[in-house]
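Chain by chain, the residues:
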Amino acid sequence: MQINTEGLVLMEKSVGESDRLVTVLTRDEGVIRAFAQQAKRLQNRKLSSTQLLSFSRLSVYKGRDKYIINDAWPIESFFDLRLDMERLSLAQYFCELAVVLAPEESEAGDFLRLMLNSLHFLAKGLRPSLQLKAVVEMRMLALAGYMPDLVCCHDCGCYEADTMYFLPRSGIITCADCISKTTQQEPAIPLPRGVMTALRHTIYAEFDKLFSFRLLDDGIRLLADAAEQYLLSTVQRRFATLEFYHQITRM
Ligand SMILES: [Zn+2]
């Protein structure tokens, strides 16, 4: 069966002398692993459209047990990301997240839109990297069905306080009064009003407004910490690309 779709290359590796196996987040088929046959010997267009982080229009053959990319036309390469090691490593982490969280063999337009917009903001330096990281982690988890409950205090229902506590293992929030009464030993991250609002925004905002919030640096660090802890305790696995990103940013 022949499929025409659009896709973002999340991973690539060489197979044999001239073939390449690419993992692509496509609009219509979700995450697919596809052979780009003999791309090295073919024209530059097809090669460049199947490289890491390339967003392309794809003509794909779907066989019984494998996909083959017949042809590809580049739309966007996010070239600027390749010029900055820190941004590139964060982009690769976003890709690994998509491999793990986006569906296979089903429509994935929301995931693709989130990835493309995040990579655009990251490549152009339009938002702090840690803010983008928190947005991608929280929103992709929500799209994948891991929606936290950030509406109000889990115990008393109060909506706002100077400090709310986020419990990343349970994906809930509580107020200061309730957390002092609780006996559970789960870690809790105190969030001031602005950061609580931002964390809610990453989950509940309409997509068009998803990236349009601002926080001071301290707030962004808190937001990023809360998002990463929620991600890691929800997905329960390590991400080599995330560890690499932390190594680089610590240097
Ligand atoms: Zn409460």
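From a predicted model like this one, the values you see are computed outputs, not experimental measurements. (Residues numbered from 1 in each chain as written. Predicted model: local features only at pLDDT ≥ 70, side-chain atom pairs only at ≥ 80, totals over all residues. Heavy atoms only, no water.)

Peer 1: It is not clear to me how the pattern of salt bridges should be interpreted in this structure. Could you clarify?
Peer 2: When the charged atoms of two side chains with opposite charge come close together, those side chains can pair. Applying the stated criterion to the full structure yields 15 salt bridges. Here arginine 27 and glutamate 6 are joined by a salt bridge, their closest N and O atoms 2.4 Å apart. Placement of arginine 27 in the loop between strand S2 (19–26) and strand S3 (30–36) and of glutamate 6 in strand S1 (residues 2–15) is noted, with a sequence separation of 21 residues between them. By relative accessible area, arginine 27 is classed as partly exposed at 30%. A salt bridge links arginine 33 to glutamate 104; its shortest N-O distance comes to 3.4 Å. Of this pair, arginine 33 sits in strand S3 while glutamate 104 sits in the loop between helix H2 (85–101) and helix H3 (109–124), and the two are 71 residues apart along the sequence. On the accessibility criterion, arginine 33 (38% relative accessible area) is partly exposed. By relative accessible area, glutamate 104 is classed as partly exposed at 47%. (Salt bridge = Lys/Arg side-chain N within 4 Å of Asp/Glu carboxyl O. Helix = DSSP H or I, 4+ residues; strand = E, 2+ residues; numbered from the N terminus. Buried < 20%, exposed > 50% of the residue type's maximum accessible area, 1.4 Å probe, protein only.)

Peer 1: Please clarify how the coordination of the zinc ion should be interpreted in this entry.
Peer 2: Metal coordination angles have textbook ideals: 109.5 degrees for a tetrahedral set of four donors and 90 or 180 degrees for an octahedral set of six. For the zinc ion, the full set of protein donor atoms is Cys153 (SG), Cys156 (SG), Cys175 (SG) and Cys178 (SG), at a range of 2.3 Å. One can describe the donor arrangement at the zinc ion as tetrahedral, given that its 4 donor atoms subtend angles of 101 to 120 degrees at the metal. Coordination of the zinc ion draws on donor residues from a single chain, spaced C-x2-C-x18-C-x2-C in sequence. In this pair, cysteine 153 sits in strand S6 (residues 149–153) while cysteine 178 sits in helix H5 (residues 176–181), placing the two residues 25 residues apart along the sequence. Comparing cysteine 153 with cysteine 178 shows no difference in burial state: the two are buried. (Donors = N, O, S within 2.8 Å, 3.2 Å for Na, K, Ca; no water. Tetrahedral: all angles 85-135°; square planar, octahedral: opposite > 155°, others 65-115°.)

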